[in-house]
Every structure is written in C-alpha cells, then in structure tokens.
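Listed below, chain by chain, are the residues.
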Amino acid sequence: MTEGSPTAGPERLDTSVAHNARVWNYWIGGTDNYEVDQRVGEHVAGMFPVIRDVARADRQFLARAVGYLAAERGIRQFLDIGTGLPTVDNTHEIAQRIAPESRIVYVDNDPVVLVHARSLLTSSPEGVTDYLDADVHDPDTILQRAADTLDLTRPVALMMLGILNFVLDTGEARDIVRRLMAALPSGSCLALTHPTYDSDVGGAGNVAAMEFWNANATPPITARSRAEIASFLDGLDLVEPGLVPCSQWRADPADAAPVPQFGAVAVKP
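Residues numbered from 1 in each chain as written. Predicted model: local features only at pLDDT ≥ 70, side-chain atom pairs only at ≥ 80, totals over all residues. Heavy atoms only, no water.

Draft legend 1. Broad picture of helix α2 (residues 35–47). A rise of 1.5 Å per residue sets the reference length of α2, with its 13 residues, at 18 Å; its end C-alpha atoms lie 18 Å apart and thus fit the reference within 8%. Along α2, the residues that are buried comprise V36, D37, Q38, V40, G41, V44 and A45. Residues of α2 that are buried in the fold lie against β1 (18–19), α1 (20–27), α3 (51–71), α8 (206–216) and β7 (217–218). (Helix = DSSP H or I, 4+ residues; strand = E, 2+ residues; numbered from the N terminus. Expected span 1.5 Å × (residues − 1). Buried < 20%, exposed > 50% of the residue type's maximum accessible area, 1.4 Å probe, protein only. Contact = heavy atoms within 4.5 Å.)

Draft legend 2. Just the nonpolar core, in detail. F78, L79 and M160 are the most contacted members of the largest nonpolar core, which totals 89 residues. With 11 residues, α3 is the single largest residue contributor to this core. If near-sequence neighbours (up to four positions away) are discounted, L79 is found in contact with V105, V107, I142, A146, L150, V156, A157, L158 and M159. (Core = buried A, V, L, I, M, F, W, Y, C linked by side-chain atoms within 4.5 Å.)

Draft legend 3. Broad picture of α1. Buried residues dominate α1, accounting for seven of its eight residues. Backbone geometry just after α1 places G29 at a positive phi near 90°.

Draft legend 4. Structural view of the layout of surface pockets. Reported here for the second largest pocket is a volume of approximately 180 Å³. Taken together, R174, V177, R178, M181, A182, S231, F232, D234, G235, L236, K268 and P269 make up the lining of the second largest pocket. No other element matches the five residues that helix α7 (residues 170–182) contributes to the lining of the second largest pocket. In terms of residue class, the lining of the second largest pocket is built from six nonpolar, two polar and four charged. (1 Å grid on protein atoms, 1.4 Å probe; cavity = no way out; pocket = protein on both sides within 12 Å on 5 of 7 lines; lining within 4 Å. Points joined across faces, edges and corners; volume = space filled by probe spheres on them. Nonpolar A, V, L, I, M, F, W, Y, C, P; charged D, E, K, R; others polar.)

Draft legend 5. Seen up close, the pattern of salt bridges. Here the structure, examined in full by the defined rule, presents 10 salt bridges. For D53, the salt bridge goes to R56, with nearest N and O atoms at 2.7 Å. With a gap of three residues between them, D53 and R56 both fall in helix α3, about one helical turn apart. Here R97 makes a salt bridge to D89, at a shortest N to O gap of 2.9 Å. (Salt bridge = Lys/Arg side-chain N within 4 Å of Asp/Glu carboxyl O.)

Draft legend 6. Spatial organisation of the confidence of the model for the chain. Residues with a pLDDT of 70 or more make up 94% of the chain, whose mean pLDDT is 90. Contacts from residues 1–11, a stretch scored under 50 in pLDDT, to residues over four places away or in other chains number 26 contacts. (pLDDT = per-residue confidence, 0-100.)

Draft legend 7. Main features of the environment of Y68. Relative to the helices and strands, Y68 is located in helix α3. In sequence terms Y68 and V207 are 139 residues apart; their C-alpha atoms lie 33 Å from each other. Ignoring sequence-local partners within four residues, the contact set of Y68 consists of R73, V239, W249, R250 and V265.

Draft legend 8. Structural context of the side chain of R224. Counting through the fold element by element, R224 comes out in the loop between β7 and α9 (226–231). Despite its burial, R224 pairs with no opposite charge; the closest candidate is E228, at 5.1 Å N-O. (Lys, Arg positive; Asp, Glu negative; His and termini not counted.)

Draft legend 9. Broad picture of the side chain of N206. Within the secondary structure, N206 is located in helix α8. Setting aside anything within four residues of it in sequence, one finds N206 in contact with F48, P195, T196, Y197 and P260.

Draft legend 10. Region of interest: the packing of α1 against α3. Between α1 and α3, whose axes approach to 9 Å, the crossing angle comes to 95°. It follows that α1 is roughly perpendicular to α3 by the angle criterion. Where α1 abuts α3, its residues W24, Y26 and W27 lie against I51, R52, V54, A55, R56 and D58. Counted by class, the contact of α1 with α3 contains six nonpolar, no polar and three charged residues. (Axes fitted to C-alpha atoms, helices over the stretch in contact; angles between N-to-C directions. Parallel < 35°, antiparallel > 145°, perpendicular 65-115°, else oblique.)

Draft legend 11. Here's a closer look at the packing of helix α6 (residues 139–146) against α7. One can describe the packing of α6 onto α7 by two numbers: an axis separation of 9 Å at closest approach and a directional angle of 25°. Classed by the angle they form, the pair α6 and α7 counts as roughly parallel. Between α6 and α7 lies a crossing of right-handed hand. On the side of α6, the interface is formed by P139, D140 and L143, while α7 contributes I176, R179 and L180. (Left-handed = near helix turned anticlockwise from the far one by under 90°.)

Draft legend 12. Just the pairing of strand β10 (residues 261–267), in detail. Burial analysis of β10 places seven of its seven residues in the buried class, the great majority of the element. Side chains of β10 alternate between two faces, with Q261, G263, V265 and V267 and F262, A264 and A266 buried alike. In this sheet, β10 lies alongside strand β6 (residues 189–195) in antiparallel orientation, the contact comprising seven bridges. For L190, the partnering residue across the bridge sits in β10 and is A266. As judged from the two bridges shared by strand β8 (residues 237–238) and β10, these two strands associate in the antiparallel manner. Looking at the pairing, D237 lines up with V267 of β10. Of the strand pairs in this sheet, strand β9 (residues 244–245) and β10 are connected by two bridges, and their pairing is antiparallel. (Pairing = 2+ DSSP bridges.)

Here's what the structure looks like:
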C-alpha cells in the first residue's frame, strides 16, 4: 500500500482486486490507491499508453464544464454521479469559487470514495455539499435522495463523467439518462464524458485494454461509438463545440490532441 492510501473502510472494501476509482486516482498522480491498483494501472497503461492522457483530459474537462455551467449559464445546483476519489478542483470547489451559494450532491457507491468524500468534500459556508451512497443503476433513488439537498424545480447540472461506461447495456444507459433528465426542469444541463473504440480518435486500443480490465479489475467497463454516446444526448440542445474528444471541448489551445474519450455539455430545452 502506498503512503497516503486509504485505510480500511466498510466491510465491502476489497483491496485484493483493482478498482476503477483507485486506478484512475493512480493514473492522475494521486496516492489513494493500493499495490494491486498500481499493478493493473501500469499494465493497462502499457497496453494503452494514452490512458493517462485520457484521465488527465477528463479532469480538465470537468473544470472547464463546471466553470462554464456556473459562470456562463448561472447554474447553482450540481448532481455529480460517479464522483470518483476527491482530488484537486472537485465540482463543488470550482462551482463555489464562482458562486459560493452553489449546492452540490455527489453520488458514488464505492466504499473508498465514500470514506474520502465525507472527510474532504466540505462546502463553502454559503453553499451546501452533500454525498449520497447510491448506484447509477437506480436513478429513482438518486433523485429522491438528492431532492433533500437540491431544489429539483430549479435548473440542475447533471454531471455524468466516466460513469455510463459502467452501465454495460446501452439501452439501459439511455434509459438512466432519460429518467434523470426527465425529473429536472427546463434549463438543466447534462455534462458527460465516455470512452470510445472509435479509431479516428485513437480508440482502437481500448478493445484489448478493456478486455484485460474486465478480467482483472472491477467494476466491468465498456466503450461505445460516437453515435451510441450521442444517443444519450437525444432531446437536448448541444452546447458548442458539440460532442468532441473531451480534451478538445472549449480547450486552450483549441487544437489540443484528441483522446479516445468523448465529452459534451447539453441543455434541456
């Protein structure tokens, strides 16, 4: 176990198998991971070296998307599903720097994330930061419990970064997004990122890397084509530049190298 790695938490914490939240933490240079996470992370990175760029690009997309939603669209409520391990510049920190009264609900069901979130995800005095231990496969429970903190009659930014790839059935993933967005009013937004197999953005290597992951780590994951990912945005108005590699969404420089992870922000009309 590395210095600063998580202490034993709830009974369901299994440190014998690599887990996505901890491996992702390892790829972006964090210390909240175990030897098994580092081993699997190194193997995947050896097969698919761009994965570290993907991890960094995803975090940078989060910062740009939340900044846009808070500063340009005036969103003051965020429902962040699939939080991952807290690092620097989490959703509430970015939003509350712009608008201290912002209210954020984080949702995850990983025990390591739960332990860290409760200790690290603290709010500004004017705002609220809450954490729900819930599963993306159960959107009704998420909405019901989020309503204790968020006013679902006012616009909400639904953050789904790198989470729908853990819903293996594409029809179910579409239904989850539909049910969540249906409960939110006009002016609400969806921000998402999702890995792809598409070769034109370097995704071909995801095939073997994900096969290795699914055999050696948890939870299982999938990638999708641009068209499949675009279907999650049906009925919403895409914000420019649309569905693009997340490294290129409102990025500076504008010609940042593409990564095999699409990103988009869309608004509910």
